[in-house]
Amino acid sequence: MEKKDNKTLGKKVLIIAATIVLIIICTQIPYDSIRQTVQDAGEWGPLIYILMFALLPIGFFPVPVLALAAGVSFGVFWGVVYTIIGSLINCSIMFFMSRYLARDALTEYANKNLSNKWKEKIFNAKRSSLNKILLICRLTPLIPYNLENYAFGLTSIPFKDYFITTFFGIIPATVIYINMGDKTLEVGSRDFWIAVIMVVALVVGSLILAKFIDKAEAKKKAKNFNKNVDDENLEVDIRPDGSLEEKEKEE
């Protein structure tokens with residue numbers, strides 16, 4: 001039993017170490033080189049791009065940069081296809097990392113980077129509500145893509161539900177960002193400004209939807225936990241089992 005535990009611990013340490021190396025590599029990649037690398041790869045370009053999208057976000061590489069590069073390199077249709085494929089592979093990897101391989105480390109990461117409001121929405125939700133919350137998160141780019149993937153791996157949502165909801169949820173933003181990338185070759189044109197307006201509409205629409213959801217949820221606040229979650233003196237922490245606990249903020 002002890003040998004098995006040591007072996008499991010060794011695997012987790014190796015995965016965490018590899019992730020740290022990937023993060024360091026990502027911080028050193030010039031953003032302009034993504035597009036150049038894909039285009040220079042010729043017929044291997046789509047595969048190279050899919051692999052980049054599958055792996056680089058694990059190291060917190062900005063997803064919009066990848067999407068814009070796809071729009072420039074492949075056009076709207078194929079850019080969307082390749083991006084969705086890469087994104088679904090990446091979402092799956094990050095989900096399983098947080099659920100099974102590096103749960104403690106990613107719980108700590110989520111605690112540091114999620115606000116009390118989002119911790120309460122995600123981790124205090126009923127199982128039946130997690131699909132809806134995930135869909136809202138995918139449609140409203142108010143939580144970083146990487147953080148969403150890791151956070152939902154810590155919940156009780158089944159992988160099948162996570163995968164299907166993610167597929168439908170990422171389509172609108174993917175189309176908009178890929179279209180923006182495609183139109184960067186036509187700066188100043190009518191189509192370019194339409195693409196800009198679509199990006200602005202996505203952000204503004206997300207903010208409006210988030211406020212609408214907040215108001216709806218405010219009317220349903222429970223008597224205990226939800227009343228206290230906005231207390232300035234309280235901090236909300238995610239436990240490794242995906243539950244929440246309240247504690248006084250440290251001075």
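Note that the coordinates shown come from a computational prediction; the quantities given were computed from them, not determined experimentally.

Enquirer: Which parts of the structure should I look at to understand the environment of glutamine 39?
Expert: Checked against the element boundaries, glutamine 39 lands in helix α2 (residues 31-40). Expressed as a C-alpha distance, the spacing of glutamine 39 and phenylalanine 74, which sit 35 residues apart in the sequence, is 8.9 Å. Here glutamine 39 is in contact with Val72 and Ser73, once residues within four sequence places are set aside.

Enquirer: In this structure, what is going on with the pattern of salt bridges? I would like to understand it.
Expert: Opposite charge on two side chains permits them to pair, given that their charged atoms come into close proximity. Taken as a whole and assessed by the stated rule, the structure comprises 4 salt bridges. In this structure, arginine 138 engages glutamate 148 in a salt bridge whose closest nitrogen and oxygen atoms are separated by 2.8 Å. With arginine 138 in helix α7 (residues 130-139) and glutamate 148 in helix α8 (residues 145-153), this pair connects stretches of sequence that are 10 residues apart. Arginine 138 sits in the buried class, given a relative accessible area of 6%. What makes glutamate 148 buried here is its relative accessible area of 4%. Lysine 183 is the salt-bridge partner of aspartate 182, the closest N and O atoms lying 2.9 Å from each other. Here the two residues aspartate 182 and lysine 183 agree in accessibility, since each one is buried.

Enquirer: Any chance you could explain the packing of α7 against helix α9 (residues 159-183) here in plain terms?
Expert: A packed helix pair is summarised by two numbers, namely the angle formed by the two axes and the spacing between the axes. Two elements in contact, α7 and α9, have axes whose closest approach is 8 Å; the angle formed by their N-to-C orientations is 30°. The angle between the axes of α7 and α9 places the two elements in the roughly parallel class. When you trace α7 past α9, the crossing you get is right-handed. Contacts between α7 and α9 pair Asn131, Leu134, Leu135, Arg138 and Leu139 from the former with Asp161, Tyr162, Thr165, Thr166, Gly169, Ile170 and Pro172 from the latter. Of the residues in the contact of α7 with α9, the class split is 6 nonpolar, 4 polar and 2 charged.

Enquirer: Would you mind showing me how to read a nonpolar patch on the surface here?
Expert: Residues Leu135, Leu139, Phe163, Ile164, Phe168, Leu209 and Phe212 make up a contiguous nonpolar surface patch of roughly 610 Å² in combined accessible area. Those elements that place two or more of their residues in the nonpolar patch are α7, α9 and α10 (190-218). No other element matches α9, which puts 3 residues into the nonpolar patch. Structurally, leucine 139 is set in helix α7. Using a relative accessible area of 31% as the deciding quantity, one classes leucine 139 as partly exposed.

What counts and how
Numbering of residues starts from 1 in each chain and follows the order in which that chain's sequence is written. Under the rules for a predicted model, residues below a pLDDT of 70 receive no local features and side-chain atom pairs below 80 are neither given nor counted, while totals for whole chains, interfaces and linings still include all residues. Only hydrogens and water are set aside; all other atoms, that is, all heavy atoms of the structure, feed into the side-chain values. In this description a helix means any DSSP run of H or I spanning at least four residues, a strand means any run of E spanning at least two, and both kinds are numbered starting from the N terminus. When checking whether two residues touch, look at their non-hydrogen atoms; a contact exists if any pair is within 4.5 Å. Any Lys or Arg side-chain nitrogen located within 4 Å of an Asp or Glu carboxyl oxygen qualifies as a salt bridge. Working definition: with a 1.4 Å probe on protein chains only, accessible area under 20% of the residue-type maximum means buried, over 50% means exposed, and in between means partly exposed. Only the contacting stretch of a helix is used when fitting its axis, a line to C-alpha atoms as for every element, and angles between N-to-C directions run 0 to 180 degrees. What sets the label is the angle itself: under 35 degrees gives roughly parallel, over 145 gives roughly antiparallel, 65 to 115 gives roughly perpendicular, and the rest give oblique. Crossing handedness: left-handed means the near helix sits turned counterclockwise from the far one by under a right angle, and right-handed means the same turn made clockwise. Residues are grouped as follows: Ala, Val, Leu, Ile, Met, Phe, Trp, Tyr, Cys and Pro are nonpolar; Asp, Glu, Lys and Arg are charged; all remaining types, including Gly, are polar. Candidates for patches are residues over 30% relative accessible area with no salt bridge; among them, like charges are joined within 9 Å and nonpolar side chains (Val, Leu, Ile, Met, Phe, Trp, Tyr) within 5 Å. In this description, accessible areas are obtained by the Shrake-Rupley approach with a 1.4 Å probe, and a residue is regarded as covered only by the protein chains that are shown.

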